[in-house]
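Each chain, letter by letter, is given below.
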Amino acid sequence: MFKDREDAARQLAAMFKGRPLKDPLVLAIPRGGVVTGAVLARELGAELDVVLARKLRARYDPELAVGAIGEDGEEYLADFARSVIGIDDEYLQRERAHQIAEIDRRKERFRAVRPAAEITGRSVIVTDDGVATGATMLAALHVIRAQQPHELIVAVPVAPPETLDTLARHCDHVECVLKPAWLGGISGFYGDFTQVEDEEALRLLRDYRRPAPQP
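Residues numbered from 1 in each chain as written. Predicted model: local features only at pLDDT ≥ 70, side-chain atom pairs only at ≥ 80, totals over all residues. Heavy atoms only, no water.

Caption draft 1: The overall build of the chain, seen in detail. Regarding its fold elements, the chain presents six helices and eight strands. Listed by position from the N terminus, the elements making up the chain come as α-β-α-β-β-β-β-α-β-α-β-α-β-α. Relative to the 2.2 N^0.38 estimate, which gives 17 Å for 215 residues, the radius of gyration of the chain is 17 Å and therefore close to what a compact globule would have. Each principal axis of the C-alpha atoms in the chain carries an extent, and together these give about 55 × 40 × 30 Å. The proportion of buried residues among the 215 residues of the chain is 50%. In the chain, of all internal contacts separated by at least 6 residues, the share reaching a separation of at least 24 is 68%. (Helix = DSSP H or I, 4+ residues; strand = E, 2+ residues; numbered from the N terminus. Rg over C-alpha atoms; globule rule 2.2 N^0.38 Å. Buried < 20%, exposed > 50% of the residue type's maximum accessible area, 1.4 Å probe, protein only. Contact = heavy atoms within 4.5 Å.)

If you want it as structure tokens, here you go:
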């Protein structure tokens, strides 16, 4: 069990000890992930940014990601998407519009304090305060991969093994501190899991400064 998101991030950072990283960039999934991401980035001497990708949801199962869309409009549609009940061109058009509107809302706020970081050729670490189904993380991975990072790493404090196995197929490496066989909810693994509002995530992103490289 973690004391809070900062404690979780410090334990997660320890798992990177001795691992070489190429101009590392931590991409946090807002909002709770920004708290984790800020500590992880500081511990690793990395740049910090957010990833504003959104999953395209199945009509009758919102937790199922049938695709993803990024803030640049880059879209990924899973091979199985059109075989899912309720998925047709009309539905996908509405779902795209809905997710683009949410991305635009977040982009207006987050990009006002930090322009999007360069991804190509870098060690990119995608983080959140935990994952359950992994749908949102998968959405982020598909969008980031299209920008050709040197390597793509998922780093989360807690996630079930089956979700980690799925994520591992879409990135180069996975780091996770706790891997419970049964995950009733992310909050159950934290002493303090206070909800993170936009204002706190924006403050962390605005105030973060990348540490100077160690000699």
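Structure's up, so let's keep going.
Caption draft 2: Structural view of the pairing of strand β4 (residues 65-69). β4 sits mainly inside the fold: five of its five residues count as buried. Sheet topology places strand β3 (residues 54-57) next to β4; four bridges connect them, and they run antiparallel. Paired with Arg57 across the two strands is Ala65, which belongs to β4. Judged from the three bridges that link them, β4 and strand β5 (residues 75-77) form a sheet pairing that is antiparallel. For Gly67, the partnering residue across the bridge sits in β5 and is Leu77. Hairpin geometry of β4 and β5 is characterised by an intervening segment of five residues between the two adjacent antiparallel strands and by a positive phi of about 90° at Gly73. (Pairing = 2+ DSSP bridges.)

Caption draft 3: Focus on the environment of Gln148. For Gln148, the location among the structural elements is in the loop between α4 (135-145) and β7 (151-158). Residue classification places Gln148 among the exposed positions, given a relative accessible area of 56%. A sequence separation of 24 residues divides Gln148 from Val124, and the C-alpha atoms of the two residues are 9.9 Å apart. Excluding anything up to four places from it in sequence, Gln148 contacts Ile119, Thr120 and Gly121.

Caption draft 4: Representation of the sheet that holds strand β2 (residues 47-50) in the model. Strand order in the open sheet formed by five strands is β2-β1-β6-β7-β8, with parallel pairing between adjacent strands. Each edge of the open sheet is held by one strand with a lone partner, namely β2 and β8 (173-178). Across the sheet, the mean angle from the axis of one strand to that of its neighbour is 20°, orientation sign disregarded. In this sheet, β2 lies alongside strand β1 (residues 25-28) in parallel orientation, the contact comprising four bridges. Looking at the pairing, Leu25 lines up with Glu47 of β2. Across the face of the sheet, helix α5 (residues 161-168) comes into contact with β7 and β8 while running at roughly 165° to β8. (Axes fitted to C-alpha atoms, helices over the stretch in contact; angles between N-to-C directions.)

Caption draft 5: Focus on the sheet that holds β5. The strand order across the open sheet built from three strands is β3-β4-β5, with neighbouring strands paired in antiparallel fashion. Of all strands in the sheet, those bounded by a partner on one side alone are β3 and β5. Going from strand to strand, the sheet's axes swing by 25° on average, the running direction of each strand aside. Docked against the sheet, helix α3 (residues 89-113) engages β3, β4 and β5, running at close to 160° with respect to β3.

Caption draft 6: Structural detail: unusual backbone geometry. Look at the link from Pro30 to Arg31: it is a cis peptide, with omega at 5°. For Arg31, the location among the structural elements is in the loop between β1 and α2 (32-44). Although it is not a glycine, Asp23 adopts a positive phi angle of roughly 45°. Within the secondary structure, Asp23 sits in the loop between α1 (5-14) and β1. One non-glycine residue with positive phi stands out, namely Gln148, at about 55°.

Caption draft 7: Expanded view of the packing of α1 against α2. In contact at an axis separation of 8 Å, α1 and α2 are set at 40° when each is read in the N-to-C sense. Of the possible angle classes, the one that applies to α1 and α2 is oblique. Between α1 and α2 the crossing geometry is right-handed. Here Arg5, Glu6, Ala9, Arg10, Leu12 and Ala13 of α1 lie close against α2, whose contacting residues are Gly32, Val35, Thr36, Val39, Leu40, Glu43 and Leu44. Classifying every residue of the contact of α1 with α2 by side-chain character gives seven nonpolar, two polar and four charged. (Parallel < 35°, antiparallel > 145°, perpendicular 65-115°, else oblique. Left-handed = near helix turned anticlockwise from the far one by under 90°. Nonpolar A, V, L, I, M, F, W, Y, C, P; charged D, E, K, R; others polar.)

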